[in-house]
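Working through the structure, step by step
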Amino acid sequence: MARLNLWRWVVLALAALYFLVPMAASVVFTVDVPGQGVTFDAYSEIVSSDGFVSSLVLSLELAVATIVVVLLLMVPATVALRLGVPRLRPVVEVVCSLPLVVPPIAFVAGIATVLKWGPEHLSRTPLFQTFVAIQDPGFPVVLVLAYVVMALPFVYRALDAGLRAVDVRTLVEAARSCGASPTRALVHAVLPNLRGALLNASFLTLALVLGEFTVARLLGYQPFAVWIYNVGGSQAQMSVAVSVLSLFVTWALLLALAVFGGRSRTASASRGRP
């Protein structure tokens, strides 16, 4: 047992070095300016930099829209699989896993091909305005649709794990016996017990949208990840500073999620005690 604990600490130490050494090198690169010493100008210039606020706001808006759409799509689907058609679960699982095996380049090439149908084949139909609207640079709905597809594997796994830990059928039958409609049973009986799974799915989707580069870049939009890339071409130090700052923000969100989820489970356990 002592040898097992020793190897566990060795593995943890190696993992910490693997993550912390590059992080420390990045921080040193952003604050150590040759000839000036230690300075935090790279961080202070981030907020005032051209395009920072607009790109970050766009990414957050895309993230919120993607989270809402993917949860509205997947929560009823996964609950229905558990209740009514469990034989379709392998089919849904394969469909939701397809984005993991399709390269992003091929995925965005397919999207670009479909978007070309608008001016080439639909210019005289009402659908042409729809093609134009979903490509609005102010809020590109086409990116939301693409991110929903890309988030399906992570959201499905998170929700499926949460549903495995809950007796969904009993909850729904109890709610229905009290006179609740199917929608009300889902909202008031099932969703409160899936809070941790919903938070996990939302966080994974948020991290995906904030860090996604290939689709947005090739389609010609500039969310936060593309802005970091563009800044890196002319201001490498500030680009690394933004990356470090965004990583710390992501870690803070993950820590807040873990704390909130832990408190939710503790509160649920306390309510369940006699």
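Notes on the structure follow. (Residues numbered from 1 in each chain as written. Predicted model: local features only at pLDDT ≥ 70, side-chain atom pairs only at ≥ 80, totals over all residues. Heavy atoms only, no water.)

Regarding a nonpolar patch on the surface
Together, Val-85, Leu-88, Val-91, Val-94, Val-95, Leu-98, Leu-100, Val-101, Val-102, Phe-154 and Leu-204 make up an exposed nonpolar region whose accessible area comes to about 930 Å². In terms of residue count, the dominant contributor to the nonpolar patch is helix H4 (residues 89-101) (six residues). (Patch = residues over 30% accessible without salt bridge, like charges linked within 9 Å, V, L, I, M, F, W, Y side chains within 5 Å. Areas by Shrake-Rupley, 256 points an atom, 1.4 Å probe, with all protein chains shown as cover. Salt bridge = Lys/Arg side-chain N within 4 Å of Asp/Glu carboxyl O. Helix = DSSP H or I, 4+ residues; strand = E, 2+ residues; numbered from the N terminus.)

As for the side chain of Glu-212
Tracing the backbone through its elements, the reader meets Glu-212 in the loop between helix H10 (195-211) and helix H11 (214-219). At a separation of 3.0 Å, a polar atom in the side chain of Glu-212 contacts the main-chain amide nitrogen of Thr-214. Residues within four places of Glu-212 in sequence aside, it is in contact with Tyr-147, Met-150 and Ala-225. (Polar contact = N/O pair within 3.5 Å; in protein donor to acceptor, adjacent residues only side chain to side chain. Contact = heavy atoms within 4.5 Å.)

With respect to empty space enclosed by the protein
Where empty space is left becomes clear once a probe the size of a water molecule has been rolled over the atoms. Within the structure shown, the criterion is met by one cavity of 30 Å³ or more. Roughly 50 Å³ of volume is contained in the largest cavity. Along the walls of the largest cavity sit Thr-78, Leu-81, Arg-82, Arg-89, Tyr-156, Asp-160 and Leu-163, which together make up its complete lining. For the lining of the largest cavity, the secondary-structure elements that each account for two or more residues are helix H3 (52-83) and helix H7 (141-164). (1 Å grid on protein atoms, 1.4 Å probe; cavity = no way out; pocket = protein on both sides within 12 Å on 5 of 7 lines; lining within 4 Å. Points joined across faces, edges and corners; volume = space filled by probe spheres on them.)

A few points about the packing of helix H8 (residues 168-177) against helix H9 (residues 182-190)
Viewed as axis vectors pointing N to C, H8 and H9 meet at an angle of 120°, and their least axial separation amounts to 9 Å. Overall, the two elements H8 and H9 adopt an arrangement that is oblique. Seen along the crossing, H8 lies across H9 with a hand that is right-handed. On the side of H8, the interface is formed by Val-168, Leu-171, Val-172, Ala-175 and Arg-176, while H9 contributes Pro-182, Ala-185, Ala-189 and Val-190. (Axes fitted to C-alpha atoms, helices over the stretch in contact; angles between N-to-C directions. Parallel < 35°, antiparallel > 145°, perpendicular 65-115°, else oblique. Left-handed = near helix turned anticlockwise from the far one by under 90°.)

Points about the packing of H7 against H10
Viewed as axis vectors pointing N to C, H7 and H10 meet at an angle of 155°, and their least axial separation amounts to 8 Å. One way to sum up the angle between H7 and H10 is to call them roughly antiparallel. Between H7 and H10 the crossing geometry is right-handed. Note on element contacts: H10 touches H7 through Ala-197, Leu-198, Asn-200, Ala-201, Leu-204, Thr-205, Leu-208 and Val-209, opposite Tyr-147, Met-150, Ala-151, Phe-154, Val-155, Ala-158, Leu-159 and Gly-162. Residues of the contact of H7 with H10, tallied by class, amount to 13 nonpolar, three polar and no charged. (Nonpolar A, V, L, I, M, F, W, Y, C, P; charged D, E, K, R; others polar.)

Focus on the packing of aromatic side chains
Aromatic ring pairs are described here by two measures, namely the spacing of the ring centres and the angle between the planes. Within the structure shown, the criterion is met by five aromatic pairs. Between Phe-213 and Tyr-229, the ring centres sit 5.1 Å apart and the planes meet at 55°, which makes this aromatic pair tilted. Placement of the pair is Phe-213 in the loop between H10 and H11 and Tyr-229 in helix H12 (residues 224-234), with a sequence separation of 16 residues. Using a relative accessible area of 28% as the deciding quantity, one classes Phe-213 as partly exposed. Given the relative accessible area of 48%, Tyr-229 is considered partly exposed. Centre to centre, the rings of Phe-224 and Trp-227 are 6.1 Å apart; their planes meet at 10°, and the pair counts as stacked. One end of the pair is Phe-224 and the other is Trp-227, both in helix H12 and three residues apart, which spans about a single turn. Taking the relative accessible area as the measure of exposure, Phe-224 reaches 7% and is therefore buried. Grouping aromatic residues by their ring pairs yields a cluster made of Phe-52, Phe-224 and Trp-227. (Phe/Tyr/Trp six-rings, centres within 6.5 Å; stacked < 30°, edge-to-face > 60°. Buried < 20%, exposed > 50% of the residue type's maximum accessible area, 1.4 Å probe, protein only.)

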